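Structural characterization, general
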Protein chains: 2
Amino acid sequence: MTAEADNVFKALADPTRRAIFEGLARDGEQTVHALTHHAGISQPAVSKHLVILKRAHLVGHRRQGRETHYRARPQALAPIADWMNLYSTFWQNRLDHLEDLLKRMDP
Amino acid sequence: MTAEADNVFKALADPTRRAIFEGLARDGEQTVHALTHHAGISQPAVSKHLVILKRAHLVGHRRQGRETHYRARPQALAPIADWMNLYSTFWQNRLDHLEDLLKRMDP
DNA sequence: CAGATCCATAACCAAATGGCTATGGTTTCG
DNA sequence: CGAAACCATAGCCATTTGGTTATGGATCTG
C-alpha cells in the first residue's frame, strides 16, 4: 500500500521516465525501439527505465515476435492520488475527476 | 511548470521526506527539534530534507527566537495533480471515443 | 556574563542511481 | 542457413543522494 506509493513516486521522480510514460499515454503502445528513438538515450538505458516503470505497474507490455510493445497503465497513479487525498482537502476538487476515472478504469 | 513538478516529484520520492510532510500535515506546525525526534535521524539530516521540501514549496517556515517552526503547504502538490489530470483528460477522450464507437456498433 | 539550546552549513562517506558498452537469446528476412 | 534486428541483462563508471560528525551563529537561561 505505502510500498506501492513508494514505487510510483520513485518511478516518477526521474524526468526521463516521466517522458516515457507521457509518450506512451499520449501516443499509445510503442516498441522499445521507438521509445529509445524518442528518449535520445541508449536502448539498454530505456530498458532499465522500463523495468522501474513495470515495478510501479505504470506500464504493461506485450511480446510480439522479436519486439515488445509497451503501454501506459494510468490506473497505477491511484496510490499517489490516494496518498494526496489523505493529507489535505485543499485539492480535493482538483482530484475528484481523476479519482472517478481511476475507479472506472479499475478492472 | 514542468520544473516545478520535477521538484515536487523528487521531494516526495524519499519516504523520510514524505513522513516529515505527513507529520506536518497531520499535527500542524513543528520545530526542527520535534521533527528530528520523530524522524529518528540526525538534526542535520532533517535540515537537509527540509531544504529540499522548501525548494518544492511543500513546507513553509517561521523563525521564532532560536527555533524555526515548519508547516506543510499542501497547495504545492498542485503541480503533480495537474500533471496527472493532464493524462486523465486524455483518458477521458479515449473513453469518450470508445463509448461513441460502442454506441455506433450497438444495433 | 557563561553556558546551554536550536538550527543551518560544511565536509566527508557509502550506497544508490542513471548512463554507457558488451553480450547473448529470439525472431525475422534475404 | 546466415545475417540482421530487437530486446534484456550484465558489468562498469561518474554523479547524486542520504546519512554522518564537526562547527559556528544566534538566542535563551542561570
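Above this text sits the structure in question.
Rules of the game
Residues numbered from 1 in each chain as written. Chains lettered and ligands numbered in written order. Predicted model: local features only at pLDDT ≥ 70, side-chain atom pairs only at ≥ 80, totals over all residues. Heavy atoms only, no water. Axes fitted to C-alpha atoms, helices over the stretch in contact; angles between N-to-C directions. Helix = DSSP H or I, 4+ residues; strand = E, 2+ residues; numbered from the N terminus. Parallel < 35°, antiparallel > 145°, perpendicular 65-115°, else oblique. Contact = heavy atoms within 4.5 Å. Nonpolar A, V, L, I, M, F, W, Y, C, P; charged D, E, K, R; others polar. Phe/Tyr/Trp six-rings, centres within 6.5 Å; stacked < 30°, edge-to-face > 60°. Buried < 20%, exposed > 50% of the residue type's maximum accessible area, 1.4 Å probe, protein only. Near = heavy atom within 4 Å. Polar contact = N/O pair within 3.5 Å; in protein donor to acceptor, adjacent residues only side chain to side chain. Salt bridge = Lys/Arg side-chain N within 4 Å of Asp/Glu carboxyl O.

1. Overview of the packing of helix 3 (residues 32-39) of chain A against helix 4 (residues 43-55) of chain A
All names here are of chain A. Two numbers describe how helix 3 lies on helix 4: the axes approach to 9 Å, and their chain directions differ by 110 degrees. Looking at the two axes, helix 3 sits roughly perpendicular to helix 4. Residue-level contacts link Val32, Leu35, Thr36 and Ala39 of helix 3 to Gln43, Val46, Ser47 and Leu50 of helix 4. Class assignment for the residues of the contact of helix 3 with helix 4 results in five nonpolar, three polar and no charged.

2. Section: the packing of aromatic side chains
Considering all chains together, one arrives at four aromatic pairs over all chains under this definition. Centre to centre, the rings of A:Phe9 and A:Trp83 are 5.4 Å apart; their planes meet at 85 degrees, and the pair counts as edge-to-face. Taken as a pair, A:Phe9 in helix 1 (residues 2-12) and A:Trp83 in helix 5 (residues 78-87) lie far apart in primary sequence, 74 residues in all. Both residues of the pair, A:Phe9 and A:Trp83, count as buried. Joined through ring pairs, the aromatic side chains of A:Phe9, A:Trp83 and B:Phe21 make up one cluster.

3. A closer look at the protein's contact with DNA strand D
The full set close to DNA strand D counts 21 residues, and A:His33, A:Ser47, B:Ser42, B:Lys48 and B:His49 are the nearest of them. Of everything in DNA strand D that lies within 4 Å of the protein, sugar and phosphate atoms constitute 62%. A:Arg66 has a polar side-chain atom sitting 3.3 Å from a sugar or linking oxygen of DNA strand D. Elements with a contribution of two residues or more to the surface near DNA strand D: helix 3, helix 4 and strand 3 (67-72) of chain A together with helix 2 (15-27) and helix 4 (43-55) of chain B. The biggest single contributor to the surface near DNA strand D is helix 4 of chain B, with four residues. Looking at the surface near DNA strand D, its residues break down into six nonpolar, nine polar and six charged.

4. Quick word on the pattern of salt bridges
It is possible for side chains of opposite charge to pair when their charged atoms get near one another. Throughout the structure, instances matching the rule amount to eight salt bridges over all chains. Close ionic contact of A:Arg26 with A:Asp27 constitutes a salt bridge, the shortest N to O distance being 3.9 Å. Each of A:Asp6, A:Lys10 and B:Arg18 takes part in one network of salt bridges that share partners.

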